[in-house]
Amino acid sequence: MSELPTYASTPVADIAGVHARLVETWESGRTIPLEYRKIALRKLYHAIKDNTENIVAALKADLNKPEKESLMIEVCWLEKDILDTLAQLDKWAKDEKAPTSIIYAGLKPRMKKGPMGTVLIIGAFNYPFQLTVVPLIGAIAAGCPAIVKPSEMCPVSAALLAHIIGQALEPDAYTVVNGGIPETTEVLAQKFDKIMYTGNGQVARIVSAAAAKNLTPVILELGGLNPVFITSKADAKLAGKRIGWGKVHNAGQICISPDYVMVDPSMEEAFVQSFTDAINEFYPNGTDDKENFGRIVNDRHFKRITGLLEKSKGEVKFGGKSDAAERWIEPTLVKIGGLDDALLSEEIFGPVLPYMIVEGGVQEMSSIVRKVGDCPLGLYAFTNDAKEQEYIVNTTRSGGISFNDTMFHAAIQSIPFGGIGESGTGCYRGKASFDAFTHLRPIIDQPGWMEGQLDVRYPPYTDAKYKKYRMTQFLPAVDFDSNGKIVTGMWYYWRRLVLLGAGTKRGGVVRHLLAALIGLCFWKWGKK
Ligand code: NAD
């Protein structure tokens, strides 16, 4: 394409019609056969590959995203996601056997994987292609028609996405609605069967309220303040470099970028030095290098981030410069004095990083995490001590954790990705994307000959029927008492034998054989 397509909002008056066509497509059932899904995914793959240069150009125009960041995290990511999905789809879509006791085997119980229905995907600006197309891949794989609403903050990318999807997929099944608040409000007024929203928590509440009107389930992919621990057991040199990377990628405009660092006093000097060295190594020509360092998406966000920096009472240890005309902010490290600093008042979403000295070890660091933001999306801890790692896992909550790195748990495409509490609900990626838009539907077929066994459910109810019912449930002898304690004494083994105790979860085959043997001894002894 010599020229990138021009952005235009979808007329609000057209949106109900777009949705009605989507519903018609859903009702026709044509997106459901696996072959349809595969062909759609293959076409999308080629459309993305064919538009590689355009995607790079669009991201350059919207975010000055460096070419290699666009290729790695947007284009290559999508190629891999589609190819992995195509390779696994038959397996994912297969009915699952339902686990039941032998008594229900005749019903042939199974779990059918069915599409949820029509889907709405609302994306955020920072990864305009990945954040919309990865969920779309899940929707296609699951057999759901979808409307995609990209962020209006990256208009060139949004227009290109509409072009790519329009070129590759059936317009009445997969379509882009472009626009801002009025258009999104109108889309949200339609009834979908699942809504996936990526963005900030404030809008997530609007999306959830709109979805609740139709009892539509939602997946919310949100943000928060992501903490970093550097304990006395850390490799501070490595920490500086890996935290530096987490802060400069996409100019820090990532939901999982580190937001604040808590550092043990013994590690401060080495950390500050290695952060400084890392940035200088990444950008030998300075971070105003347009080829390798992104820009802030718009003036509003530029002012917000530089405003936080101005309000901070901290001491700048590295960086601090910015250029409003370029929307460039230098990677900046600030030493702050406490939790009341402006830099901890909200998610930074830019290349500024506050750090504070914490003397009380992992105990105090974990308690700070709970105070600053109980449920961040990402949590990073630099420590080589297994006990410290375990303590952190057990005393904090977060969407995910990377030990001795930042963001990397989210870089593994096959691992489910999502938040908890304020950082979101639900997850996607890999099989989780397929599952996100799939309903697991139990199905049985009750044979006529089961009637003899089913008489227990029909009135008039009798003790005999209830006794028969209990027998069919194969209730095992329990190995716990009324205080919840496990009992493994003589009486337990005796009862196990007498009831031919079908297994509890506690033991393996050997334990059961032993139980039977001991029971047999007691039985013989009991007869004397
Ligand atoms: P944004 O401004 O692009 O908004 C996101 C979407 O919300 C857009 O499509 C926009 O049109 C829509 N929107 C905005 N106002 C609306 C309204 N009043 N009603 C309905 N829809 C509306 O992006 P943002 O929200 O500024 O994104 C940044 C936030 O997103 C950060 O908090 C970040 O952590 C989070 N985020 C999370 C993930 C994740 O995967 N968890 C990924 C990226 C960003």
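Residues numbered from 1 in each chain as written. Predicted model: local features only at pLDDT ≥ 70, side-chain atom pairs only at ≥ 80, totals over all residues. Heavy atoms only, no water.

- With an unreviewed UniProt entry as reference, the chain is termed Aldehyde dehydrogenase, source organism Pyronema omphalodes.
- The Sequence similarities (unreviewed entry) comment attached to the chain in UniProt states, word for word, "Belongs to the aldehyde dehydrogenase family." (UniProt positions renumbered as here; feature names shortened; annotations may be inferred.)

**Focus: the pattern of salt bridges**
Part 1: Going through the model one piece at a time under the given rule, you end up with 25 salt bridges.
Part 2: For Glu35, the salt bridge identified is with Arg42, shortest N-O distance 3.8 Å.
Part 3: Residue classification places Glu35 among the partly exposed positions, given a relative accessible area of 45%.
Part 4: Overall, Arg42 belongs to the partly exposed group, its relative accessible area being 38%.
Part 5: Notably, a salt bridge pairs Lys65 with Glu74, separated by 3.1 Å at the nearest N-O pair. For the pair formed by Lys65 and Glu74, the shared burial category is buried.
Part 6: Linked by salt bridges that have partners in common, Asp95, Arg110 and Lys112 make up one network. (Salt bridge = Lys/Arg side-chain N within 4 Å of Asp/Glu carboxyl O. Buried < 20%, exposed > 50% of the residue type's maximum accessible area, 1.4 Å probe, protein only.)

**What about helix α11 (residues 299-311)?**
Part 1: Taking 1.5 Å per residue as the helical rise, α11 with its 13 residues ought to reach 18 Å, and the 18 Å between its terminal C-alpha atoms agrees with that figure.
Part 2: For α11, the set of buried residues is His301, Phe302, Ile305, Thr306, Gly307, Leu308 and Leu309.
Part 3: Against β11 (322-323), β12 (328-329), β13 (332-335) and β14 (352-357) lie the buried residues of α11. (Helix = DSSP H or I, 4+ residues; strand = E, 2+ residues; numbered from the N terminus. Expected span 1.5 Å × (residues − 1). Contact = heavy atoms within 4.5 Å.)

**Some words on the packing of helix α2 (residues 34-50) against helix α4 (residues 67-93)**
How two helices pack is summed up by the angle between their axes together with the distance between the axes.
Part 1: Taken N-terminus to C-terminus, the directions of α2 and α4 make an angle of 170 degrees; their axes are 9 Å apart at the nearest point. In terms of orientation, α2 and α4 fall into the roughly antiparallel class. With respect to the hand of their crossing, α2 and α4 are arranged in left-handed fashion. Here Leu34, Arg37, Lys38, Leu41, Arg42, Leu44, Tyr45, Ile48 and Lys49 of α2 lie close against α4, whose contacting residues are Val75, Leu78, Glu79, Ile82, Leu83, Thr85, Leu86, Leu89, Asp90 and Ala93.
Part 2: Counted by class, the contact of α2 with α4 contains twelve nonpolar, one polar and six charged residues. (Axes fitted to C-alpha atoms, helices over the stretch in contact; angles between N-to-C directions. Parallel < 35°, antiparallel > 145°, perpendicular 65-115°, else oblique. Left-handed = near helix turned anticlockwise from the far one by under 90°. Nonpolar A, V, L, I, M, F, W, Y, C, P; charged D, E, K, R; others polar.)

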